[in-house]
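# Descriptive analysis of the structure
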Amino acid sequence: MTEFERYRYNKSVYVAAIGKCGACYICVDECPEGAIEKSEPVKVDYNKCTRCMKCVEVCPSGIMQIID
Ligand code: SF4
Ligand code: SF4
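The rules behind the values
- Residues numbered from 1 in each chain as written.
- Chains lettered and ligands numbered in written order.
- Predicted model: local features only at pLDDT ≥ 70, side-chain atom pairs only at ≥ 80, totals over all residues.
- Heavy atoms only, no water.
- Near = heavy atom within 4 Å.
- Nonpolar A, V, L, I, M, F, W, Y, C, P; charged D, E, K, R; others polar.
- Core = buried A, V, L, I, M, F, W, Y, C linked by side-chain atoms within 4.5 Å.
- Buried < 20%, exposed > 50% of the residue type's maximum accessible area, 1.4 Å probe, protein only.
- Helix = DSSP H or I, 4+ residues; strand = E, 2+ residues; numbered from the N terminus.
- Contact = heavy atoms within 4.5 Å.
- Patch = residues over 30% accessible without salt bridge, like charges linked within 9 Å, V, L, I, M, F, W, Y side chains within 5 Å.
- Areas by Shrake-Rupley, 256 points an atom, 1.4 Å probe, with all protein chains shown as cover.
- Salt bridge = Lys/Arg side-chain N within 4 Å of Asp/Glu carboxyl O.

Near ligand 2 lie 13 residues; those nearest to it are C31, C49, C52, M53 and C55. Across the shell around ligand 2, the residue classes tally to nine nonpolar, one polar and three charged.

It is worth spelling out the nonpolar core at this point. Across soluble globular proteins, nonpolar side chains show a tendency to be buried alongside one another. Membership of the largest hydrophobic core comes to 18 residues, with the highest contact counts inside it found for V15, I36, V42, C55 and M64. Of all the elements in the fold, those that place two or more residues in this core are α2 (26-30) and α3 (54-58). Apart from residues no more than four positions distant in its own chain, V42 is found in contact with A17, C21, Y25, C27, V28, I36, E37 and M64.

Turning to a nonpolar patch on the surface, a few remarks are in order. There is a patch of nonpolar side chains on the surface, built from Y14, I18, Y46 and I67 and spanning about 310 Å² of accessible area. You can see Y46 is positioned in the loop between β3 (43-44) and α3. Y46 gets classed as partly exposed once you look at its relative accessible area, which sits at 31%.

Next up, the structure:
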């Protein structure tokens, strides 16, 4: 099981934009829940986020990260 898959089923973790967001909004377009707000840096609505990790996988800057 990959690191992403392990986190995908761990509901205790969160996704956060850490570091310099380039405001490309690829993550916003990829999020199936519409949980990411188009701000700079982006903000995640944890009430909508299902921890699918798509935003972590697609961010070209690698700044969408898992935090405890
Ligand atoms: S994909 Fe990464 S760099 Fe682009 S808007 Fe999202 S967090 Fe920012
Ligand atoms: S983990 Fe999935 S649901 Fe949560 S903000 Fe990222 S793309 Fe959206």
